[in-house]
Every structure is written in C-alpha cells, then in structure tokens.
Amino acid sequence: MPGLLRGVARTAVVAGTATAVSNRVSRRQAGRWATQDDQAAAQQQQQYAAAPAPAPAAAPPMADDMSSKIDQLKELGALKEQGILTEAEFAAQKSKILGS
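Source: prediction; values computed, not measured. (Residues numbered from 1 in each chain as written. Predicted model: local features only at pLDDT ≥ 70, side-chain atom pairs only at ≥ 80, totals over all residues. Heavy atoms only, no water.)

1. Notes on the overall build of the chain
No. 1: When helices and strands are counted, the chain shows three helices and zero strands.
No. 2: Overall, the chain shows an N-to-C arrangement of helices and strands of α-α-α.
No. 3: Buried positions account for 5% of the 100 residues belonging to the chain.
No. 4: Just so you have it, the chain exposes about 8700 Å², and 60% of that area is on carbon and sulfur atoms. (Helix = DSSP H or I, 4+ residues; strand = E, 2+ residues; numbered from the N terminus. Buried < 20%, exposed > 50% of the residue type's maximum accessible area, 1.4 Å probe, protein only. Areas by Shrake-Rupley, 256 points an atom, 1.4 Å probe, with all protein chains shown as cover.)

2. Focus: the packing of aromatic side chains
Here the distance between the centres and the angle between the planes together describe a pair of aromatic rings.
No. 1: According to the stated counting rule, one finds zero aromatic pairs in the structure shown.
No. 2: Over the aromatic face of F90 sits the side chain of K80, whose NZ or CZ is 5.0 Å from the ring centroid. (Phe/Tyr/Trp six-rings, centres within 6.5 Å; stacked < 30°, edge-to-face > 60°. Lys NZ or Arg CZ within 6 Å of the ring centre and 35° of its normal.)

3. Quick word on the environment of L85
No. 1: Within the fold, L85 resides in the loop between α2 (62-81) and α3 (87-98).
No. 2: L85 gets classed as buried once you look at its relative accessible area, which sits at 17%.
No. 3: Beyond its immediate stretch of four places on either side in the chain, L85 contacts L76, L79 and K80. (Contact = heavy atoms within 4.5 Å.)

4. Re the confidence of the model for the chain
No. 1: Mean pLDDT over the chain works out to 80, with 83% of the residues at or above the 70 mark.
No. 2: The secondary structure element of the chain with the lowest average pLDDT is helix α1 (residues 2-50), at 81, and the one with the highest is α3, at 89. (pLDDT = per-residue confidence, 0-100.)

5. Quick look at a positive patch on the surface
No. 1: Taken together, the side chains of R24, R27, R28 and R32 define a basic patch exposed on the protein surface.
No. 2: Along the chain, R27 turns up in helix α1.
No. 3: R27 sits in the exposed class, given a relative accessible area of 57%. (Patch = residues over 30% accessible without salt bridge, like charges linked within 9 Å, V, L, I, M, F, W, Y side chains within 5 Å. Salt bridge = Lys/Arg side-chain N within 4 Å of Asp/Glu carboxyl O. Lys, Arg positive; Asp, Glu negative; His and termini not counted. Charge placed at Lys NZ, Arg CZ, Asp CG, Glu CD.)

This is how it looks when you write it as structure tokens:
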C-alpha cells in the first residue's frame, strides 16, 4: 500500500505542476495577443489619422466670376447699341446676370 500511495502522490504532483505551467503559458499567450491587438488597433488609428481628408469643393474665384459677368454685360450692351436687344430685354438679361 505504501508504494501505491507514493505513486498516487507523485502523479498528483506531476499533474499539479503541469496544470500550473499550462495556466502560466496560457496567461502569457493571452497577454501577448492582447498586446498585439492593441498595437494593431493603434496602427489602424494612425493610418486613418494619416489619411488625408478629402478636400472641400473649391468655390470659384470671385475675380473670375466678376470678370465673366462684366464680359457678359459688355456683350449685352453691344447688342443693345446695335439695336438687336430692346431696353426691356436688356434689363431682363442684366438682372439675370447680376442675380437680382
């Protein structure tokens, strides 16, 4: 009986040690995976932050817009002077161009 008891005790010690080592390895792996996940998340955030935001639509420059309106008004004036447009037609087109 003492030999049997000694065998059971030895098995218990080996099994307990194996369980402790296995648990420790599992905890270390979980910690490494968590660190890797954190690093991957940080890299993704950096990539999203580094990506340039789409540029807002640029408004047409005021100088070009104004010169275009002036050119159109000059053409209307020329058409009026030639007698192609009446005073009423000239006024209507002028108000369209000026937006009033």
